[in-house]
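Descriptive structure summary
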Amino acid sequence: MSLTAAVLRDGRYRPCFSGHETFPLRYGWLQKAFHAVRRSTDSRAAVHVFRDPVSIANFGVGRNMIGSMRYWATATGILDDTEDGLAVSWFGEMLFGDEGIDLHLEEDFSLWLIHWHLASRPRLTSFYWLFNHYRGGSFLRKDIVLNLTRLADDCGWARVAESTVDRDVQCLVRSFIGGRGANSNGDSILAELGLILPIDKARSKLATGRKPTLPDAVFAWCLEEFWNGFSDTQSTMSFESLAYGEGSPGRVFLLDEHDLVDRLERLENVTGGDLNWSETVGLRQVIRRGRRSDERRWEELRETLKTHALRAAV
């Protein structure tokens, strides 16, 4: 996956503005999708759990919601969309498997990882553009739609209707601040992160600043994933890239510079010395001792977050 500034303008890129059926991600959907696929005999059969006539009775929701459920489960990385069909991912197993560490999706770390999967990857065009390209604070939905339709025209994306983009952006905003008459945080689990806040009935804002519920272990894991996509052989990374690079933790988590520096200063302890913050002669950068395998990174994250959840339950 390329994380360069030109990713959305790459001729090979295929935009995505639909699939959610205008339903934000809701509580319980990811667990239902995970267990339905896990019970399937193989990846090919797993696809049919969302298509068969009995799926409405099995999931207890309508056909459009079932399609939305599959969309969110793959977009969040709970399920993997493979050449053969659908399969549960390591992330899904970590949360909801037999030894899952957050079976009911009650922990903040799970929500931050879900947001990272949605906004750090260019698969979902509106999510990716808003968190990685938009340079303002407050916004009107119509302004975001206008920018995205202009981007579609500039890139020559075929069959991108303004009405489709508008529904996509509407769903995105509702994913973080609720909607459809819902109370308080609304009908989406992402509202708890407070990343998009309402100003009035028409205007919202991206809430840049400190994120006290974002664990250092999640931040460090995401930093390494960004690094591997940016340049997996590079031994140093500048503060500017981590703060403002497309797909970076600074951009995706809407961190201010003070919070980012504080987290970078703790990296050595969090990663056991694999990542170290250096600030000498005006040069601010992170130094990496060597690339860790994905399996090791996932296992270390799992054990750290498992301990985190146990401590929080005491």
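The numbering scheme is per chain: residues are counted from 1 as the chain's sequence reads. Reporting of local features is limited, given that this is a predicted model, to residues whose pLDDT is at least 70; pairs of side-chain atoms are given and counted only at 80 or more, and all residues count toward the totals for whole chains, interfaces and linings. Excluded from the side-chain calculation are hydrogens and water; included are all heavy atoms of the structure.

**Some words on the packing of helix α6 (residues 108-119) against helix α10 (residues 216-231)**
- It is the contact of α6 with α10, at a shortest axis distance of 10 Å, that shows an interaxial angle of 15°. Here α10 runs roughly parallel to α6, going by the angle between their axes. Seen along the crossing, α6 lies across α10 with a hand that is right-handed. On α10, the residues touching Phe109, Trp112, Leu113 and Trp116 of α6 are Val218, Trp221, Cys222, Glu225 and Phe226.
- Looking at the contact of α6 with α10 residue by residue, the class counts come to eight nonpolar, no polar and one charged. Simply put, an axis is a line fit to the C-alpha atoms, just over the touching stretch for a helix, and the angle between two N-to-C directions goes from 0 to 180 degrees. Labels follow the DSSP assignment, with helices taken as runs of H or I lasting at least four residues and strands as runs of E lasting at least two, numbered in each case from the N terminus. Comment on the angle field: the value is read as roughly parallel under 35 degrees, roughly antiparallel over 145, roughly perpendicular from 65 to 115, and oblique elsewhere. Two helices that cross are described as forming a left-handed crossing if the nearer one is turned anticlockwise from the farther one by less than a right angle, and a right-handed crossing if clockwise. Throughout, a contact is declared for two residues whenever any of their heavy atoms are within 4.5 Å. Following the grouping adopted for this structure description, the nonpolar residues are Ala, Val, Leu, Ile, Met, Phe, Trp, Tyr, Cys and Pro, the charged ones are Asp, Glu, Lys and Arg, and the polar ones are all others, Gly among them.

**What to know about the pattern of salt bridges**
- In what follows, salt bridge is the name for a side-chain nitrogen of Lys or Arg lying within 4 Å of a carboxyl oxygen of Asp or Glu. Tallying each qualifying case throughout the model produces 20 salt bridges.
- Salt-bridge contacts for Arg263 lead to Asp259; the nearest nitrogen and oxygen are separated by 3.2 Å. Of this pair, Arg263 and Asp259 both sit in helix α13 (residues 257-265), four residues apart, roughly one helical turn.
- Any residue under 20% of the maximum accessible area for its type is buried, any over 50% is exposed, and the rest in between are partly exposed; the area is computed with a 1.4 Å probe on protein chains only. A relative accessible area of 4% means that Arg263 is categorised as buried.
- In this structure Asp259 comes out as buried when scored by relative accessible area, which is 4%.
- Between Arg302 and Glu303 there is a salt bridge, with the nearest N and O atoms lying 3.3 Å from each other.
- Its relative accessible area of 36% is what places Glu303 among the partly exposed residues.

**Considerations on the packing of aromatic side chains**
- Centres within 6.5 Å are what make two rings of Phe, Tyr or Trp a pair, Trp counting through its six-membered ring; a difference in plane orientation under 30 degrees is then read as stacked, over 60 as edge-to-face, and the rest as tilted. Applying the stated criterion across every chain, the model contains 18 aromatic pairs.
- Ring centres 6.0 Å apart and planes at 25° place the aromatic pair Phe91 and Trp298 in the stacked group. In this pair, Phe91 is assigned in helix α5 (residues 90-96) and Trp298 in helix α15 (residues 294-313), connecting sequence segments 207 residues apart. Of the two residues, Phe91 and Trp298, neither departs from the other in class, the shared state being buried.
- Summarising the aromatic geometry, the rings of Trp221 and Trp298 are spaced 4.6 Å apart at their centres and angled 50° between planes, so their arrangement reads as tilted. With Trp221 in helix α10 and Trp298 in helix α15, the pair connects residues that are 77 residues apart, well separated along the chain. Trp298 carries the same exposure label as Trp221, and that label is buried.
- These aromatic residues form a ring-pair network of at least three members: Tyr71, Trp72, Phe127, Phe131 and Phe176.
- For a ring to carry a charge above it, either NZ of a lysine or CZ of an arginine must fall within 6 Å of the ring centroid while also lying within 35 degrees of the normal to the ring plane. A cation over an aromatic ring shows up here: Arg263 above the ring of Phe219, its NZ or CZ 5.8 Å from the ring centre.
- Between Arg284 and the ring centre of Phe239, over which it is positioned, the NZ or CZ distance is 4.0 Å.

**Details of the packing of helix α7 (residues 125-132) against helix α9 (residues 162-177)**
- Between α7 and α9, whose axes approach to 9 Å, the crossing angle comes to 65°. Regarding α7 and α9, the two cross each other, and that crossing is right-handed. Residues Ser126, Phe127, Leu130 and Phe131 of α7 touch α9, and the partners they reach there are Asp168, Val169, Leu172, Ser175 and Phe176.
- Across the contact of α7 with α9, the residue classes break down as six nonpolar, two polar and one charged.

**A word on helix α4 (residues 63-75)**
- Here, expected helix span is obtained from the residue count minus one, scaled by 1.5 Å. Its 13 residues give α4 an end-to-end C-alpha distance of 19 Å, which sits within 8% of 18 Å, the value for a rise of 1.5 Å per residue.
- Along α4, ten of the 13 residues are buried, which leaves the element largely enclosed by surrounding structure.
- For α4, the set of buried residues is Met65, Ile66, Ser68, Met69, Arg70, Tyr71, Trp72, Ala73, Thr74 and Ala75.
- Directly after α4, the chain includes Gly77, whose backbone phi takes a positive value near 85°.

**Topic: the sheet that holds strand β3 (residues 138-140)**
- Two strands form a pair only when DSSP identifies at least two bridges running between them. Ordered in space as β3-β5-β4, the three strands form an open sheet in which the pairing is antiparallel. The sheet is open, and its two edges are formed by β3 and β4 (196-198), each paired on a single side. The average undirected angle you get between the axes of adjacent strands in this sheet is 35°.
- Bridge analysis of β4 against strand β5 (residues 203-206) gives three bridges, and the strand direction is antiparallel. Of the residues in β5, the one forming a bridge with Ile196 is Leu206.

**Things to note about the state of the cysteines**
- In this description, a disulfide is simply a cysteine sulfur pair whose atoms lie within 2.5 Å. This structure, assessed with the given rule, holds zero disulfides.
- For Cys171, which is in no disulfide, the shortest distance to another cysteine sulfur is to Cys16 and amounts to 11 Å.
- Overall, the relative accessible area of 1% leaves Cys171 in the buried class.

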